[in-house]
Amino acid sequence: MSKQNTRQRLQQILGIFARYGLKKGITNPPQLRQALEELGPTFVKIGQILSTRPDILSAPYIEEFQKLQDDVKQVDFNIIKEIVQVQLRGKLETFFAQFNEEPIASASIAQVHRGRLLDGTDVVIKVKRPDIEDKIFNDLKLLKKASLLARFIPRESVWNPTEIVDELWDALELELNFLQEAENIQRFREHQKDVRFITIPQVWPQLSTRDILVMELIEGVKISGKKVLVEAGYDLEEICSKIIYNFMYQVFETGIFHADLHPGNVLISARKIAYLDFGLVGNLNQRLRTEFHNLLTGIVQGDIEQIVNSVIHIGVKKGQLDQALLYSEIEDLYNLYITASLYDLDIPSLMEEIFRICRRNKIAFPRDITLLLKGILVLEGLVSGLVPGMTIIELMAPYIREQIAGRPAAKQQLLTYAASLQRMTKAGLRIPDKLLTILNKIAAGKIIMHMDILHIRDVAADLRKSLNRIVFAMVVSSLIIGSSLVIATEAGPKLFSLPILGLIGYIGAAGMGLWLLISIIRSGKI
């Protein structure tokens, strides 16, 4: 982008924000959403990504940004054809027996076409829009240079604008690289191959590039088609249970999870649950999995201390942390929710409130943890849409309890607790007799308290030395002042025209001062 085009684009961005009343940091969620939509695909995608970050934005912004829609024109098929041929280095007919000209979907980043391979396999071909990558990263460079986000980030955010732009940059780099999505699909197929009720589309790596993704076409009934599913004999509660159980398996067993399982991305195909669109996938390392498991366990068991410790271990401190205040706020929050039964506990809302408390306490969270929260929120909507009245915790709790009971160290932990309890009980039986002895002595006025203050003798000795040196220095100062007065008045006998008493006083003060200096240097404590 030339300097002139850069300046024009920056003026356009500022002009649109100004037109929607966003001057001087005034932020209104609906107006901000409208401004993002008018600014085009880069800002729409930015808003969609930020809608998954409760640690950056507050609830009103998240709710509004979730409404962002792609308003893009369909790319001409000749352009799509050229992109595919350039990427695959050959004619379309060399790779596909059929390539439908009419797209089945068109979004801000890519356009999707249906096709058929030479062996007769039906596939979908996802093709990146021309120049979309340059447009997006040019806009991100502008945002980074001008720090435009500084005006529009709510004050409670614990992220600074530069960090937010860096996060957006990383997220968009992943989403714009279709090889990354292909890798996600292959990893999912590997992890889910032994799960009989889940199906993952096959991907063709040899036909996929950074700008093209070719994967298996899976046809079926959208999970939102409740009537069709019921008529076909499906149990909707069983479907919900399997999806949630599999999601927990993804998170805690494999570490890679689908973060966007909304009804449009889940099909029922050939009596199996099929997942689509792997552009938004989270990865949790073993440490984060363990800490998040501890967090959910703390919520289910009502262990406030475990909840707080898990939050601190998961989060990234962005300032001074008052752990006592954090504990108090989470305890107050949990007490509001715990009045309901476990199966009425609103896990997504509770976790969203925990994120809000963490923002206030200057604790941020890794992107994959916020993706996990988004995944849970999306699943909550899917479950309530399929089976009204059913909650996600109702489906998650059995898995969590099963994991707690099935931990290899669970038995050993119980034995440790039992041994500790035995020791406490034994000591407890001796407490009444000792307590009675103490109370009798207090009543008779015979109680004697003996206190040992560590290092008090050393402190006292140092204090005495310091006082002695101060007194010594005052004596030296008095000698100097007195000698100066004697010499000034020329009193008494003289030596070399100077009063002898004054000379003796100076010499004595000099000797004593030198001795004091030597003693301080030798002590090593100047």
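Residues numbered from 1 in each chain as written. Predicted model: local features only at pLDDT ≥ 70, side-chain atom pairs only at ≥ 80, totals over all residues. Heavy atoms only, no water.

1. Comments concerning the overall build of the chain
- Looking only at helices and strands, the chain features 21 helices and 15 strands.
- For the chain, the proportion of its 526 residues judged to be buried stands at 41%.
- When contacts within the chain are restricted to residue pairs at least 6 apart in sequence, those whose partners lie at least 24 apart make up 65%.
- Accessible surface for the chain amounts to roughly 29,100 Å². Of this, 56% is attributable to carbon and sulfur atoms. (Helix = DSSP H or I, 4+ residues; strand = E, 2+ residues; numbered from the N terminus. Buried < 20%, exposed > 50% of the residue type's maximum accessible area, 1.4 Å probe, protein only. Contact = heavy atoms within 4.5 Å. Areas by Shrake-Rupley, 256 points an atom, 1.4 Å probe, with all protein chains shown as cover.)

2. Some points on the pattern of salt bridges
- Taken as a whole and judged by the stated rule, the model has 17 salt bridges.
- Sharing partners across several salt bridges, the network here consists of Arg-33, Glu-37, Glu-64 and Lys-67. (Salt bridge = Lys/Arg side-chain N within 4 Å of Asp/Glu carboxyl O.)

3. Side note on the nonpolar core
- With 113 residues, the main nonpolar core has Ile-239, Ile-243, Tyr-275, Phe-292 and Leu-296 as its most contacted residues.
- In this view, Tyr-275 contacts Ile-198, Thr-199, Ile-200, Pro-201, Ile-243, Asn-246, Gln-250, His-258, Leu-261, Asn-265 and Val-266; residues no more than four positions away in its chain are not counted. (Core = buried A, V, L, I, M, F, W, Y, C linked by side-chain atoms within 4.5 Å.)

4. Regarding helix α12 (residues 236-254)
- Between its first and last C-alpha, α12 extends 26 Å over 19 residues, near the 27 Å set by a 1.5 Å rise per residue.
- Within the sequence span of α12, burial applies to Leu-236, Ile-239, Cys-240, Ile-243, Ile-244, Asn-246, Phe-247, Met-248, Gln-250, Val-251, Phe-252 and Thr-254.
- Its side-chain oxygen at 3.0 Å from the backbone nitrogen of Glu-237, Asp-235 defines the N-terminal cap of α12. (Expected span 1.5 Å × (residues − 1). Polar contact = N/O pair within 3.5 Å; in protein donor to acceptor, adjacent residues only side chain to side chain.)

5. Some words on a nonpolar patch on the surface
- On the surface, Leu-463, Leu-467, Ile-470 and Met-474 cluster together into a nonpolar patch covering about 420 Å² of accessible area.
- Structurally, Leu-463 is set in helix α20 (residues 456-489). (Patch = residues over 30% accessible without salt bridge, like charges linked within 9 Å, V, L, I, M, F, W, Y side chains within 5 Å.)

6. Some points on the sheet that holds strand β5 (residues 198-199)
- The strand order β5-β10-β9-β7 describes an open sheet built from four strands, whose pairing is mixed. Two strands close off the open sheet at either side, each with one partner strand: β5 and β7 (221-222).
- Relative to strand β10 (residues 272-275), strand β9 (residues 266-269) runs antiparallel, the two being bridged by four bridges. Within β10, the position partnered with Ile-268 by the bridge is Ile-273. (Pairing = 2+ DSSP bridges.)

7. Concerning the environment of Ile-185
- The topology assignment puts Ile-185 in helix α10 (residues 178-192).
- Placed 91 residues apart in sequence, Ile-185 and Leu-276 show a C-alpha to C-alpha distance of 9.1 Å.
- Excluding residues within four positions of it along the chain, Ile-185 makes contact with Ile-200, Pro-201, Val-203, Leu-213, Met-215 and Phe-278.

8. Looking at helix α14 (residues 304-314)
- Along α14, the residues that are buried comprise Ile-304, Ile-307, Val-308, Ser-310, Val-311, Ile-312 and Ile-314.
- Sitting at the amino-terminal end of α14 is Asp-303, which places a side-chain oxygen 3.3 Å from the backbone nitrogen of Glu-305.

9. Quick notes on the packing of helix α13 (residues 286-301) against α14
- Packing of α13 against α14 brings their axes to within 8 Å, and their N-to-C directions diverge by 155°. Taken together, the axes of α13 and α14 are roughly antiparallel relative to one another. With respect to the hand of their crossing, α13 and α14 are arranged in left-handed fashion. Between α13 and α14, the residues in contact are Arg-287, Leu-288, Glu-291, Phe-292, Asn-294, Leu-295, Thr-297, Gly-298 and Ile-299 and Gln-306, Ile-307, Ser-310, Val-311, His-313 and Ile-314, respectively.
- A breakdown of the residues in the contact of α13 with α14 according to their chemical character gives seven nonpolar, six polar and two charged. (Axes fitted to C-alpha atoms, helices over the stretch in contact; angles between N-to-C directions. Parallel < 35°, antiparallel > 145°, perpendicular 65-115°, else oblique. Left-handed = near helix turned anticlockwise from the far one by under 90°. Nonpolar A, V, L, I, M, F, W, Y, C, P; charged D, E, K, R; others polar.)

10. Section: the confidence of the model for the chain
- Across the chain, the average pLDDT comes to 80, with 79% of residues at or above 70.
- Confidence over residues 409-417 falls short of pLDDT 50; this stretch has two contacts with residues more than four positions distant or in other chains. (pLDDT = per-residue confidence, 0-100.)

11. Quick look at the environment of Thr-6
- Checked against the element boundaries, Thr-6 lands in helix α1 (residues 3-19).
- Spatially, the C-alpha atom of Thr-6 lies 8.2 Å from that of Asn-138, the residues being 132 residues apart in sequence.

12. Topic: the pairing of β9
- Side chains of β9 alternate between two faces, with Val-266 and Ile-268 and Leu-267 and Ser-269 buried alike.
- Across two bridges, the pairing between β7 and β9 is antiparallel. Considered in β9, the bridge of Lys-222 is made with Leu-267.
- Connecting β9 to the next strand, β10, in antiparallel fashion are two residues, including Ala-270 with a positive phi near 55°.

13. Topic: the packing of α12 against helix α17 (residues 367-386)
- Put simply, α12 and α17 touch, their axes get as near as 10 Å, and they point 170° apart. The angle between α12 and α17 places the two elements in the roughly antiparallel class. Residue-level contacts link Leu-236, Ile-239, Cys-240, Ile-243, Ile-244, Phe-247 and Val-251 of α12 to Leu-372, Gly-375, Ile-376, Leu-379, Leu-382, Val-383 and Leu-386 of α17.

14. Quick notes on the packing of aromatic side chains
- If you walk through the whole model with that rule in mind, you get eight aromatic pairs.
- Residues Tyr-61 and Phe-65 carry aromatic rings whose centres are separated by 6.4 Å and whose planes lie at 80° to one another, so their mutual orientation is edge-to-face. With Tyr-61 and Phe-65 both in helix α4 (residues 59-65), this residue pair falls four residues apart, about one helical turn. Side by side, Tyr-61 and Phe-65 carry an identical accessibility label, which is buried.
- Ring plane angle 55° and centroid distance 5.8 Å describe the contact between Phe-77 and Phe-99, whose orientation is recorded as tilted. Here the residue Phe-77 occupies a position in helix α5 (residues 77-88), and Phe-99 occupies one in strand β1 (residues 96-99), the gap between them amounting to 22 residues.
- We classify Phe-99 as buried; its relative accessible area is 12%. (Phe/Tyr/Trp six-rings, centres within 6.5 Å; stacked < 30°, edge-to-face > 60°.)

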